[in-house]
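For reference, the chains in residue letters:
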Amino acid sequence: MTPPLLSPEDWAAITLTLELAGITTVLLLALCTPLAWWLAHTRSRWRGPVGAVVALPLVLPPTVIGFYLLVTMGPHGPIGQLTEALGLGRLPFTFPGLVIGSIVYSLPFAVQPLQRAFEAQGRRPLEVAATLGAGPLDRFFTVALPLARPGFVTAAILSFAHTVGEFGVVLMLGGNIPGVTRVVSVQIYDHVEAMEYAQAHWLAGGMVVFAFIILMLLHWLQPKGAR
């Protein structure tokens, strides 16, 4: 009898990866919207340093990010001591810890598209809304957010795709626990280590197709003049 193309462990890794990417994307959009708004409009001297910190995951090796997250959330780190004092236990090698690591790792992929979308609006639409009696929150929710919709779509797609493809941060912070932290990238690594190249091909090929679809989707969503 021919074995199935994808084993139950493969499907479990795919399900866990999609769950992780979905939760991370939703949290990133919620957390990064005010940060991107601030970066787009502030004149503070902290704008440069904060922008640099946000962009760090673009240039740092994922293992470096994973290592420092592991230290920070470990039993001797500040976050680890805080979570233990609150009775939440330790975050490393757990799914919630993986979510936090994914948020940090994908941070620039959410902040930067939103920041560019807010900057592209200029101040004129908000000034017009203010002359019509709209308050700051009203201007933000009824003017700024609708105008920034393309930025939100781009941020969501990039954040989701980047989380699906992460490996180094996941392996450093989450390890390789089936059903808890073993995502698709780690499952491929396991297949290769076990010399199960056929199974690795199916998962890796699926990732290639997924990445191609994401890039084409981003291309189609761009305005015609920007293509």
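Cut-off values and rules
- Residues numbered from 1 in each chain as written.
- Predicted model: local features only at pLDDT ≥ 70, side-chain atom pairs only at ≥ 80, totals over all residues.
- Heavy atoms only, no water.
- Helix = DSSP H or I, 4+ residues; strand = E, 2+ residues; numbered from the N terminus.
- Buried < 20%, exposed > 50% of the residue type's maximum accessible area, 1.4 Å probe, protein only.
- Contact = heavy atoms within 4.5 Å.
- Areas by Shrake-Rupley, 256 points an atom, 1.4 Å probe, with all protein chains shown as cover.
- Lys, Arg positive; Asp, Glu negative; His and termini not counted.
- Charge placed at Lys NZ, Arg CZ, Asp CG, Glu CD.
- Salt bridge = Lys/Arg side-chain N within 4 Å of Asp/Glu carboxyl O.
- pLDDT = per-residue confidence, 0-100.
- Core = buried A, V, L, I, M, F, W, Y, C linked by side-chain atoms within 4.5 Å.

### Concerning the overall build of the chain
Regarding its fold elements, the chain presents 12 helices and 0 strands. The order of α-helices and β-strands along the chain, N terminus first, is α-α-α-α-α-α-α-α-α-α-α-α. Projected onto its principal axes, the C-alpha positions of the chain cover 70 × 50 × 30 Å. Within the chain, buried positions represent 38% of all 227 residues. Long-range contacts, defined here as pairs at least 24 residues apart, represent 70% of the contacts in the chain between residues at least 6 apart. On the chain, roughly 12800 Å² of surface is accessible, and the fraction owed to carbon and sulfur atoms is 71%. Across the chain, the 12 positively charged side chains and the 11 negatively charged ones have centroids separated by 22 Å.

### A word on the pattern of salt bridges
A side chain with one charge can pair with a side chain of the opposite charge if their charged atoms come near. The full count for this structure, using the stated rule, is 3 salt bridges. Salt-bridge contacts for Glu-119 lead to Arg-47; the nearest nitrogen and oxygen are separated by 2.9 Å. Of this pair, Glu-119 sits in helix H6 (residues 107-121) while Arg-47 sits in helix H2 (residues 47-59); the two residues are 72 residues apart in sequence, bridging distant segments of the chain. Arg-47 sits in the partly exposed class, given a relative accessible area of 31%. A salt bridge links Arg-182 to Asp-190, with the nearest nitrogen and oxygen atoms 3.4 Å apart. Both residues of the pair, Arg-182 and Asp-190, count as buried.

### Let's talk about the confidence of the model for the chain
For the chain, per-residue confidence averages 89 on the pLDDT scale, and residues scoring 70 or more make up 96% of the total. Per-element averaging of pLDDT across the chain places helix H7 (residues 124-131) at the bottom with 78 and helix H1 (residues 8-41) at the top with 95.

### Overview of the nonpolar core
When a protein is soluble and globular, its nonpolar side chains tend to lie buried together. Formed by 29 residues in total, the largest nonpolar core has its most connected members in Leu-20, Cys-32, Val-111, Leu-114, Phe-118 and Val-183. If you list the elements that add at least two residues to this core, you get H1, helix H5 (95-105), H6, H7, helix H8 (136-147) and helix H9 (149-164). Take this core: its biggest share by element is 7 residues, from H1. Once residues within four sequence positions are removed from consideration, Val-111 is found in contact with Cys-32, Leu-35, Ala-36, Leu-39 and Val-54.

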